[in-house]
Amino acid sequence: MQREAAEIRKEWLGWVFSTRPADRPAAEAAISELYRLIGHSSPRFHWVSSPLMAVETVPPGVRPAESIDRLADWPVPRRLTTLLQTLYMGLDSRLTWAHRPLDQLIGAQVRAPLARSFDRSLQEALPRVRKSRHDWTGSWYAAQEPSRIAHYDALRRAAGVVFTTEQTRLLDLWVAVARSCGWWWPRDEVCVVSERPADLHTEPGDEPGEIRLHHADGPALRYADGWDVHAWHGRPVPAWVITDPSVERIAREPNVEIRRCAIERIGWASYIERAGLRLVATAPDPGNPGSHLRLYDMRAETKVLLAVNGSVERDGRRRQYGLTVPGFLRDPVDAAGWTYGLSAEQYSQLVRRT
């Protein structure tokens, strides 16, 4: 069962993070049927190259009441969200006590990794991307998050849960939309649908089965019209962090996480050398035998501890990394213990740091 669930998760990740052109006939057919089920006729479809184009352009024939800044007031998204929530309740009603272990397994193997992958990449990146002032929060965007649909899809395929004919038909429509296009915005008479990204770069995330945006040499996410997102190990960052990090830019950056990403892009050892940080002290690392801890002055009230990872990376190397610590610390072992909430003596008794 775990192997089958993992295959379904892989399949869904492939759909959600696809860079293939949208399957426009499939998307339009499924969306038109969803419109019909809430009592609306099939809309005109207005395809755009990216979500940016969807929120910054107005399709012909759209009424002022349906401007993108009033999305929360649109009737069609509200009715579709109600339709979806009703479906979820009906599908849950088909699960018996005997299905509970399988439901939990599918939740852990499919739903949770897909939700984390989506939330920490596509969902998180869009609000932070350059030029976009649109509010990406709200129930309609939450309704397009695919992990719950994937959960029920996996239950029927891997766990053998049987839904009613009508539930299966409606579930198939939502599955078809999720696997055939990008974001979409349903107005009364026109539905705006975004193409998928043209390029997308990911890496394995921290949790099993999770992926996240990352690209060290350019945008991690790019649409055909040039709208892009740079990301460093899952965190959206300004383009300069990837394309032109410098000591001067890092010094001017107020966001500590963006500074950290930019320093990692340069490399901690290289950054320390370029920035001319003064070495305060060095000591063998008792939590990582054979490696050394180096403590440097960084800025007012702050020092940086340069350490070596206790575990081997995927490429077989041990990564050097820096940790900012309070400026009052003078001993590298004290600083290493502080990062774990331990005293220097307690840290020294660790068998091995990871």
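Residues numbered from 1 in each chain as written. Predicted model: local features only at pLDDT ≥ 70, side-chain atom pairs only at ≥ 80, totals over all residues. Heavy atoms only, no water.

A.B. asks: Break down unusual backbone geometry for me, with residues and values.
C.D. replies: Of note, the phi angle at His233 is positive, near 50 degrees, even though the residue is not glycine. Along the chain, the position of His233 falls in the loop between strand E8 (228–232) and strand E9 (235–237). (Helix = DSSP H or I, 4+ residues; strand = E, 2+ residues; numbered from the N terminus.)

A.B. asks: I'd like a description of the packing of helix H4 (residues 75–93) against helix H8 (residues 165–180), backed by residues and values.
C.D. replies: With their axes 11 Å apart at the nearest point, H4 and H8 run at an angle of 130 degrees to one another. By the criterion of interaxial angle, the relationship of H4 to H8 is oblique. When the axes of H4 and H8 are compared, the crossing they make is left-handed. Packed against H4, whose contacting residues are Leu80, Leu83, Leu84, Leu87, Gly90, Leu91 and Ser93, the element H8 presents Gln167, Leu170, Leu171 and Trp174 at the interface. Partitioned by chemical class, the residues of the contact of H4 with H8 number eight nonpolar, three polar and no charged. (Axes fitted to C-alpha atoms, helices over the stretch in contact; angles between N-to-C directions. Parallel < 35°, antiparallel > 145°, perpendicular 65-115°, else oblique. Left-handed = near helix turned anticlockwise from the far one by under 90°. Contact = heavy atoms within 4.5 Å. Nonpolar A, V, L, I, M, F, W, Y, C, P; charged D, E, K, R; others polar.)

A.B. asks: Pulling in residues and values, what's your account of the sheet that holds strand E3 (residues 190–194)?
C.D. replies: Read from one edge to the other, the open sheet built from three strands follows the order E1-E3-E2, with strand pairing classed as mixed. Bordering the open sheet on either side are strand E1 (44–48) and strand E2 (184–186), each of which pairs with just one other strand. Strand-to-strand twist of the sheet, defined as the mean angle between neighbouring strand axes without regard to direction, takes the value 15 degrees. (Pairing = 2+ DSSP bridges.)

A.B. asks: Can you explain the nonpolar core? Please cite residues and give values.
C.D. replies: Within the largest apolar cluster, 71 residues are counted, with the highest numbers of intra-cluster contacts made by Trp12, Leu34, Leu80, Ile149, Trp174, Trp184 and Trp185. Residue contacts for Ile149: discarding those within four places in its chain leaves Trp12, Leu84, Tyr88, Leu171, Trp174 and Val175. Listed in part, the 34 residues of the second largest apolar core include Val280, Ala283, Tyr321 and Tyr347. (Core = buried A, V, L, I, M, F, W, Y, C linked by side-chain atoms within 4.5 Å. Buried < 20%, exposed > 50% of the residue type's maximum accessible area, 1.4 Å probe, protein only.)

A.B. asks: Tell me what's going on with the pattern of salt bridges, and back it up with residues and numbers.
C.D. replies: Under the criterion given, the structure shown has 23 salt bridges. Here Asp172 ties to Arg156 by a salt bridge, and the two come within 2.7 Å at their closest N and O atoms. Of this pair, Asp172 sits in helix H8 while Arg156 sits in helix H7 (residues 147–158); the two residues are 16 residues apart in sequence, bridging distant segments of the chain. A relative accessible area of 35% means that Asp172 is categorised as partly exposed. Classification of Arg156 by relative accessible area gives partly exposed; the value is 22%. (Salt bridge = Lys/Arg side-chain N within 4 Å of Asp/Glu carboxyl O.)

A.B. asks: Which residues make up helix H13 (residues 332–339), and what values go with them?
C.D. replies: Taken as a whole, H13 has its buried residues at Pro332, Val333, Ala335, Ala336 and Gly337. Among the structural elements, strand E10 (279–284), strand E11 (292–299), strand E12 (302–308), strand E13 (320–326) and helix H14 (344–348) are those in contact with the buried residues of H13. Among the residues trailing H13, Gly341 stands out with phi positive, at a value near 75 degrees.

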